[in-house]
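Letter by letter, the chains look like this.
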Amino acid sequence: MSKVADSPKSDLMEKIVSLCKRRGFIFPSSEIYGGLGSAWDYGPLGAELKRNVKSAWWSTVVHSRDDMVGLDASILMHPKTWEASGHVNSFSDPFVKCPSCQRHFRLDKIWEEIWTSPWFISLHKTIVGNKDSSYLLRWAQKEGKELAPNLALVKEPEVTFSWMVDSFASFGELNLDFKNFIGRIAARQSGVAQMPCPQCGEALPDEGVAANLMLKTSLGPVEETAEKVYLRPETAQGIFVNFKNVLDSTHRKLPFGIAQIGKAFRNEVTTKNFIFRMREFEQMEIEYFTTKQDAEDCHRRWIEDRLNWYLNMGVHKENLRVRPHAKDELAHYAAACTDIEYNFPFGWSELEGIANRTDYDLKQHAKFSGKDLQYQDPATNEKFYPYVIEPSGGVDRATLAFLVDAYHEEIVKDQTRVVLRFSKQLAPIKAAVLPLLKKNDGIVTLAKRIKNDLQKEFVCVYDDTAAIGKLYRRQDEVGTFYCVTVDVQSLEDGQVTVRERDTMAQERIAVEKLKAYLKERLES
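Residues numbered from 1 in each chain as written. Predicted model: local features only at pLDDT ≥ 70, side-chain atom pairs only at ≥ 80, totals over all residues. Heavy atoms only, no water.

J.: What am I meant to see in the overall build of the protein chain here?
T.: If you tally the helices and strands in the protein chain, you get 20 helices and 24 strands. Across the 524 residues of the protein chain, 49% fall into the buried class. Residue pairs at least 24 apart in sequence account for 66% of intrachain contacts in the protein chain once pairs closer than 6 positions are excluded. Taken as a whole, the protein chain presents about 25700 Å² of accessible surface, with 49% of it coming from carbon and sulfur. (Helix = DSSP H or I, 4+ residues; strand = E, 2+ residues; numbered from the N terminus. Buried < 20%, exposed > 50% of the residue type's maximum accessible area, 1.4 Å probe, protein only. Contact = heavy atoms within 4.5 Å. Areas by Shrake-Rupley, 256 points an atom, 1.4 Å probe, with all protein chains shown as cover.)

Okay, structure coming up:
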């Protein structure tokens, strides 16, 4: 019997990062040189997992549909591409720089940074509820001094209290939301609320500075004469500039879509939460071309399809939600946009966005290139710019969601068993062949022969580096679906023990029937 182990969500990300490093899913990039901020390398198991994510996506959105084709466009594109798309002039995030610790923060994400900062979490635990001001003062003198040394409340508690405590006898009576309250304790003598630095508590500047998110490089061996180009910040534009090529070569009729998986680069001001936000990342994007009349209904169907894909990949329904954008969130060209969000350990965040981009993109590229990018209806000969529905997700972000959602702990015989309950499509290893006695030549020979036969059908490994119980646990925590144990009896009756990952149930199967047995269950 087993029972689920208690695991606070706040600890989950730390456990995921540790497991990924220890078992070869994801490593810090250039680690022997101290690493590089927000850069990560996928190890042997991570490479398999990421490949499975991309294959599952491609199979669903391209191979399983009659209205989709694929594309693999260049990372480097003509600079005018980004002028037409608006990236050169407007692809920027306002950021603020802390005058004390010199850290940079995105202005539009600053409160998210504050809510998850160590000093705010500590402060919130201290004062939440009907507590008098002495709790706040004690926090400022102890935890606050260590966690937020530049917070006004910590540096000048008397000044801060002079206007707060006179007005409110206890914090239980403060009729202020926490954003207002935190702004006030970051204020100095004027009492005017300030945004505090998530790192050190110092009051931040009121206005941000624009930072262009595109990475530049030079195309040509001599820098002085080289052409200045950009590493693409998204894969979408490669699809738009190839719209006419795809149309002419495939003779597609509306509606149809073009899918692409590829690297993109953004010079993010703030990168954090492991592989959730990086400067080099991989996108899975679709540009689906349709008529203006059908765009709204098409947008709705793509939201349903994309949500169902995550559910079919094994993500728990309670960890997913659909959030339509408010009007003030929409890009100026978008008629609508809806995010599929996942409940990560750090809170609900975007997993994939599905936007109705109207006919903006093709019109822009036609304007800047001088080429006719209209679609001509073969039945009516009418020419027009199609509307575009864009489901856009991240490979790395999806991989993180799958890792988090698959992570499971349970108590088995008074010990914690860690299992990655990946779906069959995503599991990096489908089967592991384990000899019970590694010094028995007969067992080893049979085990290796079985492994060599199985790996012709699916990813399979052989492991004889520990006792069988430890080998089972190793395979559990990397998500291997089946363990095949070869023992002494196998040499006599030609049967092996097959252990299923999630239930740990075991069954004796004849060696000659093993491949068919596993294949049937892995493909079901």
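Once the structure has been displayed, the description carries forward.
J.: Any chance you could explain a nonpolar patch on the surface here in plain terms?
T.: A cluster of nonpolar side chains, Leu436, Leu437 and Val488, forms an exposed patch at the surface whose accessible area comes to about 230 Å². Of note, Leu436 is situated in the loop between β20 (431–435) and α17 (441–454). (Patch = residues over 30% accessible without salt bridge, like charges linked within 9 Å, V, L, I, M, F, W, Y side chains within 5 Å. Salt bridge = Lys/Arg side-chain N within 4 Å of Asp/Glu carboxyl O.)

J.: So what exactly am I meant to see when it comes to the sheet that holds strand β17 (residues 387–394) here?
T.: A sheet is described by the order of its strands in space; here seven strands give the open sequence β4-β10-β11-β17-β14-β13-β12, paired in mixed fashion. With one partner strand each, in any of the chains shown, β4 (68–71) and β12 (320–324) form the two edges of the open sheet. Here the strands of the sheet are splayed against their neighbours by 25° on average, with no regard to which way each runs. Here strand β11 (residues 280–290) pairs with β17 via six bridges, running antiparallel. Across the sheet, the residue bridging to Thr290 is Tyr387, located in β17. This element, helix α2 (residues 44–63), spans β4, β10 (256–265) and β11 of the sheet and lies at about 160° to β10. (Pairing = 2+ DSSP bridges. Axes fitted to C-alpha atoms, helices over the stretch in contact; angles between N-to-C directions.)

J.: Help me understand the packing of aromatic side chains in this model?
T.: Aromatic rings considered in pairs are described by the distance between their centres and by the relative angle of their planes. Taken as a whole and assessed by the stated rule, the structure comprises 20 aromatic pairs. With a centroid separation of 6.5 Å and an interplanar angle of 50°, the aromatic rings of Phe25 and Phe422 are classed as tilted. Taken as a pair, Phe25 in the loop between α1 (9–23) and β2 (26–28) and Phe422 in the loop between β19 (415–420) and β20 lie far apart in primary sequence, 397 residues in all. Across the pair, exposure class does not vary: Phe25 and Phe422 are buried alike. Aromatic pair Phe256 and Phe289: ring centres 5.6 Å apart, planes at 40°, arrangement tilted. Here Phe256, found in strand β10, pairs with Phe289, found in strand β11; they are 33 residues apart in sequence, far enough to count as distant. A single burial state applies to Phe256 and to Phe289, both of which are buried. Three or more aromatic residues joined by ring pairs form one cluster here, namely Phe240, Phe243, Phe256 and Phe289. (Phe/Tyr/Trp six-rings, centres within 6.5 Å; stacked < 30°, edge-to-face > 60°.)

J.: What's the story with the sheet that holds strand β24 (residues 506–510) in this structure? I'm lost.
T.: Backbone hydrogen bonds are what pair the strands of a sheet, in a parallel or an antiparallel way. Spatially, five strands are ordered β21-β20-β22-β23-β24 in an open sheet, and the strand pairing comes out mixed. Both outer strands of the open sheet, β21 (460–462) and β24, are each paired with one neighbouring strand and no more. Averaged over all pairs of adjacent strands, the angle between their axes in this sheet comes to 25°, without regard to strand direction. Note: β20 against strand β22 (residues 482–486), five bridges, orientation parallel. Its bridge partner lying in β22, Val433 is registered against Val484. Of the strands in this sheet, β20, β22, β23 (495–500) and β24 are in contact with helix α20 (residues 511–523), which crosses β24 at around 125°.

J.: Quick question: what am I supposed to make of α2 here?
T.: End to end, α2 covers 27 Å across 20 residues, agreeing with the expected 28 Å (1.5 Å per residue, within 8%). Every buried residue of α2 is accounted for by Leu45, Gly46, Leu49, Lys50, Asn52, Val53, Ala56, Trp57, Val61 and Val62. (Expected span 1.5 Å × (residues − 1).)

J.: I would appreciate a short explanation of the side chain of Thr497 in the present structure.
T.: Within the secondary structure, Thr497 is located in strand β23. A distance of 2.9 Å separates the side chain of Thr497 from the side chain of Arg508, its partner in a polar contact. The contacts of Thr497, once residues within four sequence positions are left out, are Cys483, Val484, Thr485, Asp487, Gln506, Glu507 and Arg508. (Polar contact = N/O pair within 3.5 Å; in protein donor to acceptor, adjacent residues only side chain to side chain.)

J.: Hey, could you run me through the nonpolar core in this one?
T.: Proteins that are soluble and globular tend to have nonpolar side chains buried together. Counting residues in each nonpolar core, the largest one holds 80 residues, and the members touching the most others are Phe25 and Leu518. For this core, the leading source of residues is helix α16 (residues 395–406), giving eight residues. By size, the runner-up hydrophobic cluster in this structure holds 25 residues, among which are Phe105, Phe120, Val154 and Ala186. (Core = buried A, V, L, I, M, F, W, Y, C linked by side-chain atoms within 4.5 Å.)

J.: What am I meant to see in the environment of Pro157 here?
T.: Locating Pro157 in the fold gives a position in helix α10 (residues 157–164). On the accessibility criterion, Pro157 (13% relative accessible area) is buried. As a C-alpha pair, Pro157 and Leu454 span 297 residues in sequence and 69 Å in three-dimensional space. The contact partners of Pro157, leaving out residues within four places of it in the chain, are Leu137 and Ala152.

J.: Any chance you could explain unusual backbone geometry here in plain terms?
T.: With glycine set apart, most residues show a phi of negative sign, and most peptide bonds adopt trans. In this structure, the amide linkage connecting Leu254 to the following residue, Pro255, adopts the cis form with an omega of -5°. Tracing the backbone shows Pro255 in the loop between α13 (243–250) and β10. Even without being glycine, Phe274 reaches a positive phi, approximately 65°. Its location among the elements puts Phe274 in the loop between β10 and β11.

J.: Just checking my understanding: could you explain the pattern of salt bridges for this structure?
T.: Close approach of charged atoms allows side chains of opposite charge to pair. Applying the stated criterion across every chain yields a total of 36 salt bridges. Here Lys50 ties to Glu282 by a salt bridge, and the two come within 3.1 Å at their closest N and O atoms. Taken together, the residues Lys50 in helix α2 and Glu282 in strand β11 connect sequence positions 232 residues apart. The burial state of Lys50 is the same as that of Glu282; both residues are buried. Where Arg474 meets Asp463, a salt bridge forms, and the shortest distance between an N and an O atom there is 3.6 Å. Taken together, the positions of Arg474 in helix α18 (residues 468–476) and Asp463 in the loop between β21 and α18 put the pair 11 residues apart, joining distant regions of the chain. Arg474 sits in the partly exposed class, given a relative accessible area of 26%. Assessed through its relative accessible area of 13%, Asp463 is described here as buried. Linked through salt bridges whose partners overlap, the residues forming this network are Glu410, Arg417, Arg421, Arg473, Asp476, Arg499, Arg501 and Asp502.

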